[in-house]
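Each chain, written out:
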Amino acid sequence: MMEHGALRPVQDGEPVPLLTLQGVTVYYGRVRALQGLTLEVLPGEVVALLGGNGAGKSTTLRAVSGLVRPASGHIRFRGQELTRLDPAAIVRLGVAHCPEGRKLFPEMTVLENLELGAYVRAGRLDEDLRQIFDLFPVLRERRHQLAGSLSGGEQQMLAIGRALMVRPTLLLLDEPTMGLAPAMVVEVARAIRVLRARGTTVLLVEQNVQVALRLADRGYVLENGRVVVEGRAEALARDDRVRRAYLGG
Amino acid sequence: MDLTTILQFTVNGLFISAAYALVALGLTLIFGVLHIADFAQGALYMLGAYVSFYATQALGVSYFVSVPMAMGLTGALATLNGALVYRPLQRHGGALTFVAALGILLILQNVALWLFGGDFRLIASPFGEGRITVGEVVLTHHQAFVLVVTALLLGGVWMGLRYTKPGKALRALAQQPEAARLVGIDSARLGLAAFALAGALAGAAGALMSAMRAFDPHIGAVVILKSFAIVIFGGMGSVPGAIVGALVVGMAETLTAAYLAAEFADLVGFALMIVILFARPQGLLGRVWA
Amino acid sequence: MGTRRFALVWCSVVLTAVLLFAGGRLPATGAPAVETVTVGFALPLSGAAAREGQESLEGAQLAVRLLNEAGGFRVGGRVVRFEIVSEDDRCAPAPATEAANRLVARQVQFVGGSFCSSAALAQQPIFAQARIPQVIYAYATDLTGAARQRAGAVLSVRLGPQAAIEMAPLAKYAVTVNNHRRFFAMAQNTDFGRSMVGEFRSVLERLGGRFVAEPEFYTFPGTTDFRTILTKARGSGADALVAIGLVGEMIGVSLQFRELGLAMGLYGSDLLEDPAYQDAVGARADGFLYPWVYDDGVDPRRFTRSEPERMAREMSLAFLNTLRKRATRNHGWGWGTIHLLKQAMEREGSTDPERVMRRVLSGARFELPFGTYGFLPCGQADMRVGIGTYAEGRRTLLVDRDFAGRPPAVLSATDLCR
């Protein structure tokens with residue numbers, strides 16, 4: 001557990017971060033959504049971003065995937081600067097963003113949605129589809145159904161599945177359990193654990209702090225667009241400030 | 001009225017619908033993908049007619065070659081409009097692109113007036129006066145050709161949108177632009193593709209419909225107004241909506257002229273548009289997903 | 001400070017006005033007295049009737065160019081030259097009003113136009129109030145009737161035919177020569193279309209004919225497909241069709257009429273004599289009939305003309321020699337306006353607008369592109385049209401301008417000032 005400060009120097013033997021954000025500032029018009037945000041994600045980690053509404057969690061993901069362009073700061077993925085790339089180029093590097101609100105293509109079938117997930121990739125998709133259908137068997141049953149006609153939980157599975165079609169090294173997951181029934185929350189959480197076991201690195205934004213801290217290795221607590229607390233998930237779960245603010249106790 | 005007369009009305013209505021369908025399909029594509037009401041397509045319809053006219057008349061090109069020539073040129077022009085006018089303006093909101101679209105329509109009309117003069121032109125149909133007559137029902141060979149080509153174009157676009165990768169990407173962009181960007185779809189490039197396709201369809205319509213009818217630089221203005229009403233009627237951005245809407249409006253116009261009075265015929269499209277806006281604001285086949 | 005600036009501004013305004021006035025009205029000392037008369041044209045220069053408007057303007061421009069190249073013409077002791085300004089009225093009431101206001105602001109002395117009835121009706125009160133004489137080309141009856149009276153437009157005249165002048169002989173020809181009595185009517189839904197159909201119907205019914213159905217009025221501008229109306233006409237049991245529209249519409253009507261194989265007569269507006277119509281429709285127009293207005297003497301005819309149409313010939317040759325193109329009826333509007341004003345000024349010995357128009361309306365005859373005729377007190381040209389047709393793709397004139405007046409007479413001067 002440590003107070004947030006400048007990035008630690010990387011020491012010998014320590015893993016090289018997959019993703020680093022350094023002093024990232026983002027404006028929406030005149031509103032400053034991120035104020036010099038700094039964080040890092042190590043390969044194979046599940047990292048949770050916590051914080052209230054408007055803390056800047058979604059904006060962080062949007063900055064990484066190129067949907068918003070930072071006014072200043074650096075975002076590096078495997079050492080490569082992302083801030084000047086467009087979303088298409090970033091997704092080609094293996095960064096998949098499963099956005100808040102799922103954002104499916106409603107008038108296209110489940111299968112078409114998944115195929116579009118692999119838009120930047122050439123080659124056969126059979127194996128990817130099989131893996132996703134194994135992960136979410138209900139999608140196999142509904143593969144010819146229109147995405148707009150799925151239930152909320154199914155839509156969330158499809159949204160994650162679409163992001164997985166990128167074969168991502170880093171998966172940005174924005175509010176995957178929002179508005180889902182408890183049984184579906186369990187289902188989505190299980191999927192994230194499977195992904196983690198397969199070695200996919202996940203940067204997770206999650207309103208449900210209990211779920212988030214159970215899934216994550218580490219977490220960052222954001223307030224007003226900057227990191228206020230960071231640490232191992234277990235430590236955050238015990239941290240008084242986090243408990244008071246987000247765990248209702 | 002007797003059966004032949006009714007059949008003749010049906011043929012007439014179908015033929016009118018063909019022009020509307022081609023133009024409305026392009027409009028709905030552009031609207032769906034870019035949320036621009038591209039009234040300049042009316043000028044491309046007109047230019048399609050002129051390209052075909054000059055290609056056949058001055059260059060001695062076959063009419064069958066002149067139609068793809070018209071499509072190529074109007075498609076290119078639409079792409080230029082998209083890249084040079086609409087894209088820079090789009091950041092500033094929809095009202096600006098709307099005004100720009102009307103501006104382009106007027107400018108192209110006046111450029112055409114200056115280049116080609118106000119004289120009426122007539123494209124000679126390669127089918128001449130040939131016609132199919134069943135009883136008293138007349139379908140000219142040219143009309144039959146137009147109907148077949150229209151069906152092929154509509155079918156081709158439909159299949160392309162349904163089964164090809166760029167087609168799916170276009171649909172994706174129309175349905176959910178942010179997710180489309182996230183899966184790596186280049187919205188700028190595909191937006192221009194939508195312009196090119198729409199422009200080519202408008203040009204084809206102009207070249208196809210303007211044989212055996214007199215045209216001048218103002219020919220496209222009314223077509224575009226009605227096609228836009230059809231797009232609203234069918235559902236903004238809906239491809240089947242545009243095609244069904246064109247059929248409904250074309251037929252309704254014809255039947256109004258046939259059984260009521262011609263002076264009401266042109267109001268029908270707009271009346272249908274207003275009715276649908278009250279009854280079903282998303283349009284006949286437009287969908288709203290929660 | 002405030003008052004001083006105010007005074008300064010006023011001084012300059014007055015000075016400018018004096019200079020402008022002097023420049024416009026006072027001849028330079030020593031030089032021969034030259035006066036420039038400005039004629040404004042309010043015409044559809046863009047939009048659906050652009051071609052007609054542009055050609056009208058072109059006729060005026062060529063007439064002025066030739067007159068000025070010849071050194072102008074003498075009025076009293078002075079030499080007069082014309083100058084032309086134009087405004088686009090787009091063939092519709094709202095832009096026509098704006099065009100009229102701009103011409104008033106530009107201080108034109110006479111106005112030619114509009115070509116379109118709806119535009120001319122909108123302009124008439126404006127020019128009447130500014131006391132600017134208006135030489136109108138449009139056909140709606142009202143322009144020399146109730147509308148003219150309402151507007152107090154005593155200085156306005158109509159240069160050529162109005163609806164009755166064109167439609168009365170046409171309907172008479174249909175009934176008395178072709179024995180066509182049962183008619184189906186279609187026209188553009190404008191003052192022009194409705195006036196023409198109304199006049200046709202009135203004479204048709206007077207001679208024992210009738211309309212088999214209520215007339216079909218289609219939208220103008222923009223209608224290009226007439227097949228549904230024509231299908232209706234085909235099934236109506238009529239002997240013939242009367243169709244009123246501008247050139248583009250008449251081309252469409254004629255081609256689609258042939259395409260649908262209508263076995264009946266076709267009577268059109270005078271736009272059927274337009275070269276653009278002839279080029280597009282050619283021999284497919286054989287047997288169609290129209291009011292014949294403009295005759296430069298080159299078409300075959302089935303009558304012996306008593307009086308050659310000198311001004312039509314002169315205009316026709318001028319167009320061939322200088323612009324290398326064939327003059328049309330539309331050119332005649334502008335050309336005729338200039339020559340009407342010139343002849344009236346020469347005879348009156350003045351360029352004063354009110355005096356010139358009094359001369360025009362005196363009943364004296366003027367030599368114009370559509371014949372030699374005078375003007376009735378209501379402003380209407382007291383002229384007549386003949387009937388023309390097409391034979392093997394060539395305009396062929398069937399009866400001369402006196403046809404309407406031959407017994408049974410269907411048109412007298414009193415009919416023209418209703």
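Every chain is numbered independently, its residues counted from 1 as its sequence is written. Each chain is given a letter, starting from A, and each ligand a number, starting from 1, according to the order in which they appear as written. The predicted origin of the model limits local features to residues at a pLDDT of at least 70 and limits the giving and counting of side-chain atom pairs to 80 or more, whereas totals for whole chains, interfaces and linings rest on all residues.

What about the overall build of chain B?
Comment: elements are numbered from the N terminus, with helices defined as DSSP H or I runs of at least four residues and strands as E runs of at least two. Of the regular secondary structure elements, chain B holds 11 helices and 2 strands. Restricting the calculation to C-alpha atoms gives the radius of gyration, and the globule rule supplies 2.2 Å times the number of residues raised to the power 0.38. Relative to a compact globule of 290 residues, whose C-alpha radius of gyration would be 19 Å, chain B shows 19 Å and is just as compact. C-alpha atoms of chain B, sized along the principal axes, occupy 60 × 45 × 35 Å. Burial is judged by counting other C-beta atoms within 10 Å of a residue's own C-beta: 20 or more means buried, 12 or fewer means exposed, and anything between counts as partly exposed, with every C-beta placed from the backbone. Scored against the burial criterion, the 290 residues of chain B give a buried share of 58%. We call two residues in contact when the distance between their C-beta atoms, placed using the backbone, is within 7 Å. For chain B, long-range pairs separated by at least 24 residues make up 75% of all intrachain contacts whose partners lie at least 6 apart in sequence.

Notes on the sheet that holds strand β3 (residues 31–41) of chain A
Residues and elements named next belong to chain A. Here, any two strands with at least 2 DSSP bridges between them count as paired. Pairing within the open sheet is antiparallel, and its 4 strands lie in the order β3-β2-β5-β6. Two strands in the sheet have a free side with no partner beyond their single neighbour: β3 and β6 (80–81). Summarising the sheet, strand β2 (residues 19–28) and strand β5 (residues 72–77) pair through 5 bridges and their orientation is antiparallel. The residue bridging Q22 from the neighbouring strand is H74, located in β5.

Details of the environment of L170(A)
Residue and element names in this part refer to chain A. Mapped onto the fold, L170 is located in strand β8 (residues 170–174). The sequence separation of L170 and G94 amounts to 76 residues, and the corresponding C-alpha distance is 6.5 Å. Leaving out residues up to four positions away in the same chain, L170 has contacts with L18, L19, F77, G94, V95, T201 and L203.

What to know about the interface of chain B and chain A
Listed as interface residues are 16 residues of chain B and, on the opposing side, 21 residues of chain A. For the side of chain B that touches chain A, the leading source of residues is helix α6 (residues 165–175) of chain B, giving 5 residues. When the residues that make up the side of chain B that touches chain A are grouped by side-chain class, the tally is 7 nonpolar, 3 polar and 6 charged. Residues are grouped as follows: Ala, Val, Leu, Ile, Met, Phe, Trp, Tyr, Cys and Pro are nonpolar; Asp, Glu, Lys and Arg are charged; every other residue, Gly included, is polar.

What about the arrangement of the chains?
There are 2 pairs of chains in contact here; the most contacts are made by chains B and C. No interface is formed between chain A and chain C, the nearest pair of C-alpha atoms being 37 Å apart.

Topic: the sheet that holds strand β5 (residues 134–136) of chain C
Residues and elements named next belong to chain C. If you walk across this open sheet you meet the 6 strands as β2-β3-β1-β4-β5-β6, and the pairing is mixed. Two strands in the sheet have a free side with no partner beyond their single neighbour: β2 (73–75) and β6 (156–158). When the angles between neighbouring strand axes are averaged without regard to direction, this sheet yields 30 degrees. Lines fitted to the C-alpha atoms define the axes, with helices restricted to the stretch that makes contact. Angles between their N-to-C directions range from 0 to 180 degrees. In this fold helix α2 (residues 50–69) packs onto β1 (34–43), β2, β3 (78–88) and β4 (110–113), with an angle of close to 160 degrees to the strand it touches most, β3. Its contacts with the sheet put helix α4 (residues 117–129) on β1, β4, β5 and β6, and the angle it makes with β5 is roughly 165 degrees.

Here we look at the interface of chain C and chain B
The partner chain B presents 30 residues to the 31 residues of chain C that form the contact. Counting residues per element, the ones that place at least two in the side of chain C that touches chain B are α2, β9 (216–218), α8 (227–234), α9 (247–259) and α10 (275–281) of chain C. For the side of chain C that touches chain B, the element with the most residues is α9(C), which contributes 6 residues. When the residues that make up the side of chain C that touches chain B are grouped by side-chain class, the tally is 12 nonpolar, 13 polar and 6 charged.

Re the packing of helix α3 (residues 110–117) of chain A against helix α6 (residues 152–164) of chain A
Helix packing for two helices is described by the angle between their axes and how far apart those axes are. All names here are of chain A. Orientation of α3 relative to α6, taken along the N-to-C sense of each, is 35 degrees, at an axis distance of 7 Å. Handedness of the α3/α6 crossing: right-handed. Between α3 and α6, the contacting residues are V110, N113, L114 and G117 on the first element and L158, G161, R162 and A163 on the second. Considering only residue class, the contact of α3 with α6 consists of 4 nonpolar, 3 polar and 1 charged. Each helix crossing is assigned a hand: it is left-handed if the near helix lies turned anticlockwise from the far helix by less than a right angle, otherwise right-handed if that turn is clockwise.

Considerations on the domain arrangement of chain C
All names here are of chain C. Each domain's limits were defined by an automated method or a database of domain assignments. The assigned domain composition of chain C is domain 1 (34–161 + 311–373) and domain 2 (163–292 + 384–417). The C-alpha centroid of domain 2 is placed 27 Å from the C-alpha centroid of domain 1. Split into classes, the residues belonging to the side of domain 1 that touches domain 2 amount to 8 nonpolar, 6 polar and 3 charged.

Quick look at the pairing of β8(A)
Residues and elements named next belong to chain A. Within β8, 5 of the 5 residues are buried, leaving the element largely enclosed by the surrounding structure. Of the pairings in the sheet, the one linking strand β7 (residues 95–98) to β8 comprises 4 bridges and is parallel in character. Bridging across to β8, A96 finds its partner in L171. For the handedness criterion, the strands are oriented away from the viewer, and a crossover whose path from the first strand over the helix to the second runs clockwise is classed as right-handed. The handedness of the β8 to strand β9 (residues 201–205) crossover, carried by helix α7 (residues 182–197), is right-handed.

What to know about the confidence of the model for chain C
All names here are of chain C. pLDDT: the predictor's confidence for each residue, scored from 0 to 100. Mean pLDDT over chain C: 90, with 92% of residues reaching 70 or higher. A low-confidence stretch, residues 13–30 stays under pLDDT 50, and its non-local contacts, those more than four residues away or across chains, total 2 contacts. Model confidence for the complex is summarised by a pTM of 0.86, with the ipTM given as 0.89.

Focus: the nonpolar core
Within the largest apolar cluster, 316 residues are counted, with the highest numbers of intra-cluster contacts made by L204(A), L22(B), V23(B), L201(B) and A204(B). Of all the elements, helix α1 (residues 3–34) of chain B adds the most residues to this core, at 18 residues. Viewed by domain, this core spans two of them, domain 1 (34–161 + 311–373) and domain 2 (163–292 + 384–417) of chain C, each represented by three or more residues. Apart from residues lying up to four places away in sequence, V23(B) is in contact with Q41(B), Y45(B), L201(B), A202(B), A205(B), V223(B), I224(B) and S227(B). Think of a nonpolar core as buried Ala, Val, Leu, Ile, Met, Phe, Trp, Tyr and Cys residues chained together by C-beta atoms that fall within 7 Å.

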